[in-house]
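Examination of the molecular architecture
The chain contents come next:
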Amino acid sequence: FSLICLGLAAGSLAAAGPPQASIANSQIQVKLYLPDAQSGYYRGTRFDWSGVISSLIYKGHNFYGPWFSRMDPTVHDYIFNGPEVVASPCTAISGPVDEFQTDGKALGWDDAKPGGTFIKIGIGVLRKDDAPYDHFKLYPIVDPGTWTVTKHRDSIEFTQELSDPSSGYAYVYRKTVRLVRGKPEMILDHSLKNTGRRTVQSTVYNHNFLVLDKQPPGPDFAITFPFRIQSDRPPDEHLARIRGNQIVYVSTLEDRQVVLTPVHGFGDSPKDNHIRIENRKLGVGMTITGDRPLSNLSLWSIRAVLAVEPFIAMNIPPGGEFTWRVLYKFYTLPAKPN
């Protein structure tokens, strides 16, 4: 495993604990964890290791952070344990993080025999077992590839180069987290270049673990889309309801309550890849805007976190490259009249 850090300012890497870095502009301060196979904050085999945001501060409000109390390797996904939310090694992560899937599995899974290898983009070459694929399972990492991290004052670029000759897959994956100068905006730029001999067919979604000042999802939150929402599995109406192009919470989530619903009604234009989340009590909001059409969309939330998950699809022939951008804008709401 190789991690090369270029242009990292003195003190930006923590002396103890998992490797970290910070970026900032005049509006936003962001702290991130860096990929590291030996001592990284996240070493699971579900989410992309790059761009893991531990906090984002805007006007005194923190939009991200851990939504779980602790991590337990015996847990599958997450559990409620009294006042605690306990997460598995593959789920214990924070911020706007990406997961790549191929037909609900991982790249090359169906072609690999037990004991063979498959690919999880942004993680590495993994070892297949003889059980069905489970993205909550921690698979052995055969090769995490080579990570390069380049940091500037207001941006940080992650590059992973990976090749698995046995499966025929290889790629160069780049993600840049950049703050827009003078504005409360963050851009996630991605590119995936296929350097192997096989087509890379995949979807990618961002889990968007929103932990806004640790406020539980409730009536102060509203989630708005540019289209009229349809859902074949609407949420429990005692917890949340669909109202036109909005999802609103009827009550504050507590205990073991879960709001989980697929969101349909979007078209094939990138203009529908736009999410607005506002909290009236805190007086702040954010938008999440992608430049690619949606292939799927869902909402998942529990008492500790609210997550709107937009999916996009990609099909990259050998030698091809696919790019996508997600823009996050943070803002304050107008003061309520007296």
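Everything here concerns the structure above.
Let me begin by describing the structure that accompanies this report. (Residues numbered from 1 in each chain as written. Predicted model: local features only at pLDDT ≥ 70, side-chain atom pairs only at ≥ 80, totals over all residues. Heavy atoms only, no water.)

Check the secondary structure of the protein chain and you find zero helices and 27 strands. Relative to a compact globule of 338 residues, whose C-alpha radius of gyration would be 20 Å, the protein chain shows 20 Å and is just as compact. Once the C-alpha set of the protein chain is aligned to its principal axes, its extents read approximately 65 × 50 × 45 Å. In the protein chain, which comprises 338 residues, the share counted as buried stands at 54%. For the protein chain, the proportion of contacts with a sequence separation of at least 24, taken over those separated by at least 6, is 63%. Total accessible area on the protein chain is roughly 14400 Å²; 49% of this is exposed by carbon and sulfur atoms. One finds the centroid of the 36 positive side-chain charges in the protein chain at a distance of 5 Å from the centroid of its 33 negative side-chain charges. (Helix = DSSP H or I, 4+ residues; strand = E, 2+ residues; numbered from the N terminus. Rg over C-alpha atoms; globule rule 2.2 N^0.38 Å. Buried < 20%, exposed > 50% of the residue type's maximum accessible area, 1.4 Å probe, protein only. Contact = heavy atoms within 4.5 Å. Areas by Shrake-Rupley, 256 points an atom, 1.4 Å probe, with all protein chains shown as cover. Lys, Arg positive; Asp, Glu negative; His and termini not counted. Charge placed at Lys NZ, Arg CZ, Asp CG, Glu CD.)

What follows deals with the packing of aromatic side chains. Tallied over the full model, the rule gives 24 aromatic pairs. Ring centres of Phe47 and Phe209 lie 5.9 Å apart, and the angle between their planes is 80°; on these two criteria the pair is classed as edge-to-face. Pair noted here: Phe47 is in the loop between strand E3 (28-33) and strand E4 (52-58) and Phe209 is in strand E18 (residues 209-210), with a separation of 162 residues, a long-range link. Across the pair, exposure class does not vary: Phe47 and Phe209 are buried alike. Above the ring of Trp109, the side-chain terminus of Lys128 is found at 4.6 Å from the ring centroid. Above the plane of the ring of Phe322 lies Arg292, whose end atom (NZ or CZ) is 4.1 Å from the centre. (Phe/Tyr/Trp six-rings, centres within 6.5 Å; stacked < 30°, edge-to-face > 60°. Lys NZ or Arg CZ within 6 Å of the ring centre and 35° of its normal.)

Enumeration according to the criterion identifies two cavities of 30 Å³ or more in this entry. The computed volume of the largest cavity comes to approximately 160 Å³. Taken together, 19 residues line the largest cavity, and the ones lying closest to its centre are Asn273, Pro310, Ile312, Trp324 and Val326. Secondary-structure elements contributing two or more residues to the lining of the largest cavity are strand E17 (200-206), strand E24 (284-290), strand E26 (305-316) and strand E27 (321-332). (1 Å grid on protein atoms, 1.4 Å probe; cavity = no way out; pocket = protein on both sides within 12 Å on 5 of 7 lines; lining within 4 Å. Points joined across faces, edges and corners; volume = space filled by probe spheres on them.)

Relative to the elements of secondary structure, Asp72 occurs in the loop between strand E6 (70-71) and strand E7 (78-81). Given the relative accessible area of 19%, Asp72 is considered buried. Sequence-distant contacts of Asp72, that is, excluding residues within four places in its chain, are made with Val86, Ala87, Ser88 and Pro89.

The strands that make up a sheet pair up through hydrogen bonds in the backbone, lying either parallel or antiparallel. Overall, mixed pairing links the three strands, which are arranged E6-E8-E7 in an open sheet. Edge strands, defined here as strands with exactly one partner in the open sheet, are E6 and E7. Judged from the two bridges that link them, E6 and strand E8 (residues 84-87) form a sheet pairing that is parallel. Paired with Arg70 across the bridge in E8 is Val86. (Pairing = 2+ DSSP bridges.)

Let's shift gears to the layout of surface pockets. Any space left empty among the atoms is revealed by the rolling of a water-sized probe across them. In this model, the largest pocket occupies a volume close to 380 Å³. If you go around the largest pocket, you meet 21 residues; those closest to its centre are His207, Leu260, Ser298, Trp300 and Glu309. For the lining of the largest pocket, the secondary structure elements donating two or more residues are strand E22 (259-262), strand E25 (296-302) and E26. Of all the elements, E25 adds the most residues to the lining of the largest pocket, at four residues.

Note that strand E20 (residues 240-243) and strand E21 (residues 246-249) share four bridges and pair antiparallel. Across the sheet, residue Arg243 finds its bridge partner in E21, namely Gln246. Taking the residues that link successive antiparallel strands as the turn, the E20-E21 hairpin has two residues, and the phi of Gly244 there is positive, at about 65°.

Here we come to the nonpolar core. Leu56, Phe63, Trp67, Ile223, Phe225, Trp324 and Phe330 are the most contacted members of the largest nonpolar core, which has 95 residues in total. Element by element, the count of residues in this core is highest for E26, at eight residues. (Core = buried A, V, L, I, M, F, W, Y, C linked by side-chain atoms within 4.5 Å.)

All right, on to the pattern of salt bridges then. Taken as a whole and assessed by the stated rule, the structure comprises 13 salt bridges. A salt bridge links Lys105 to Asp110, with the nearest nitrogen and oxygen atoms 2.8 Å apart. Each of the salt bridges in this network shares a partner with another, and the network as a whole consists of Arg46, Glu99 and Lys120. (Salt bridge = Lys/Arg side-chain N within 4 Å of Asp/Glu carboxyl O.)

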